[in-house]
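# Chain and residue survey
One-letter residues, chain by chain:
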Amino acid sequence: MATKSGQTRAPGAHYNEQIINSLTSGVLAVDAGGAVVTANLAACDHLHMEPSRLVQGTRLDAIPHVRPFLEIMEEVRDTRQPIQRREVILSYSDGGKKEVGLSASLLEGPDDFNGVIFLFVDMTERRRLERAAEVNQQLATIGELTAGVVHELRNPVSVIRGMAELLLRKLTADDLRKTAHLIFSEAIHLEKSISQFLGFARPFELEPARCNAEEIADRALQLCARKAEQKDVQLVYTHDDELPRMRVDAARLAQAVANLVGNAIDAVDWAGRVELGVRATEAELIIHVLDDGPGIHLEPGEDPFQPFFTRKEDGTGLGLAIVQRIVSAHQGSVSFENRAEGGARFEIRVPLEVGARW
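Residues numbered from 1 in each chain as written. Predicted model: local features only at pLDDT ≥ 70, side-chain atom pairs only at ≥ 80, totals over all residues. Heavy atoms only, no water.

### Details of helix α7 (residues 250-267)
Heads up, the rule is: Helix and strand assignments come from DSSP, with helices taken as H or I runs of at least 4 residues and strands as E runs of at least 2, each series counted from the N terminus. Helices are assigned an expected span. That span is 1.5 Å times one less than the residue count. Only protein chains enter the accessibility calculation, which uses a 1.4 Å probe; a residue whose area is less than 20% of its type maximum is buried, one above 50% is exposed, and one in between is partly exposed.
With 18 residues, α7 should reach 26 Å at 1.5 Å per residue; the first-to-last C-alpha distance of 26 Å fits that figure. Along α7, the positions that sit buried rather than exposed are Leu253, Ala254, Ala256, Val257, Ala258, Asn259, Leu260, Val261, Gly262, Ala264 and Ile265.

Okay, structure coming up:
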């Protein structure tokens, strides 16, 4: 049996190569200088690289997104100890990220240090499911805490807002009107925060019904029109020429889309641009919201869909958590990425036929 170089190779070597390439875990061996010795097909897949780019002799330091592998290699070289169950995050040039769980072992050979063998798997989906389970647990806890607190807060806040509004109508002195307006504005903010807590914590059941996809987009745009106008933001709507009828909870889904559009409006500068796009396949509706703001820059392990995660000074950190909850209830998915030209892009995918309950 001949190799690519024309040298004869024992049949057993070919059989071993078949076994390694049959593994779903990535196998990557590098020599002491950080050059690839061998990589199986799963390694290429997990690292988002064509097999022709991860051949023998390829240097890892020439591949930016595998820098964590080099750092672990240096640790193994210094300690001469294998590493078990380490998790790293690979960051790609397009802004995408992948969570990888790996083990690293010393490569046997004649020298004191001959290189490292990595065995790794993609943990992204598993971690997503774990975070979703954690959100559900937090949801139950928050529900218990807020059930009593909200009833104690909502009525007094409504009274404060009403009295401040009454004062605004009757007062004529500018200084007193400014004070009353401040009270009124803060009461409105408190009511909004209370409503968000309730929206996140209160159990709900979807109410799927036949509707047009346009109804969801129109409702979301209506909810955000005033906010965009106040900031002079250009709100653009793009869609397929023909959008299908579907069976979803249109009100809930419009709320989720409006949350994304509202966040995008907050993110862009004055007179910025936000786009809401809707298209469909035979099986699902795809909604995207993109903006020309600064994008989303996260530290390792941060998740913008995690409850109470926010970068806004006055944010509650529940907007995206509510979006994920509504979309998950529709058996769909929501994701985001930073755009190459600047800004962020969120995408919601939901099936056209929904009948499940939360």
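### Notes on a nonpolar patch on the surface
Definition in use: Patches in this entry comprise residues that are over 30% relatively accessible and not in a salt bridge; like charges within 9 Å are linked, as are nonpolar side chains (Val, Leu, Ile, Met, Phe, Trp, Tyr) within 5 Å. Each accessible area is a Shrake-Rupley estimate made with a 1.4 Å probe; only the visible protein chains count as cover when residues are assessed. The salt bridge definition used is simple: a Lys or Arg side-chain nitrogen within 4 Å of an Asp or Glu carboxyl oxygen.
Residues Val159, Met163 and Leu166 make up a contiguous nonpolar surface patch of about 270 Å² in total accessible area. With respect to the helices, strands and loops of the structure, valine 159 is situated in helix α4 (residues 124-170).

### Some details on the pairing of strand β1 (residues 26-31)
To keep things clear, this is the line we draw: If DSSP finds at least two bridges between two strands, the strands pair.
Of all six residues that make up β1, five are buried, and the element is covered over most of its length. Alignment of β1 against strand β5 (residues 115-122), held across six bridges, turns out to be antiparallel. Paired with alanine 29 across the strands is isoleucine 117, a residue of β5. In the sheet, β1 pairs with strand β2 (residues 36-39) via three bridges, with the strands oriented antiparallel. Within β2, the residue paired with alanine 29 across the bridge is threonine 38. Linking β1 to β2, which pair antiparallel, is a turn of four residues; within it glycine 34 sits at a positive phi near 85°.

### Notes on the packing of helix α6 (residues 213-230) against α7
Put simply, the test is: Note on geometry: axes are lines fitted to C-alpha atoms, helical ones only across the stretch in contact, with angles between N-to-C directions running from 0 to 180 degrees. By definition, any crossing whose near helix is turned counterclockwise from its far helix by less than a right angle is left-handed, and any crossing with a clockwise turn is right-handed. Should any heavy atoms of two residues lie within 4.5 Å, those residues are considered in contact. The residue classification treats Ala, Val, Leu, Ile, Met, Phe, Trp, Tyr, Cys and Pro as nonpolar and Asp, Glu, Lys and Arg as charged. All others, Gly included, are polar.
Contact geometry of α6 with α7 gives a least axis separation of 8 Å together with a crossing angle of 35°. Judged by the twist between their axes, the crossing of α6 over α7 is right-handed. Together, Ile216, Arg219, Ala220, Leu223, Cys224, Lys227 and Ala228 of α6 and Ala250, Leu253, Ala254, Val257, Ala258, Val261, Gly262, Ile265 and Asp266 of α7 make up the contact between the two elements. Tallied by class, residues from the contact of α6 with α7 come to twelve nonpolar, one polar and three charged.

### What to know about the sheet that holds strand β9 (residues 273-280)
One open sheet holds the five strands; their spatial order is β7-β9-β10-β12-β11, and the pairing between them is mixed. The open sheet has two free edges, formed respectively by β7 (234-239) and β11 (333-338), since each of these has just one partner strand. Adjacent strand axes in the sheet meet at a mean angle of 15°, parallel and antiparallel pairs treated alike. When strand β10 (residues 284-291) meets strand β12 (residues 344-351), the two strands line up antiparallel, connected through seven bridges. When the sheet's bridge partners are listed, isoleucine 287 is paired in β12 with isoleucine 348. Here α6 sits on the sheet and contacts β7, β9 and β10; the angle it forms with β7, its principal contact strand, is near 175°. The strands that α7 touches are β7, β9, β10 and β12; relative to β10, the one it contacts most, it runs at about 20°.

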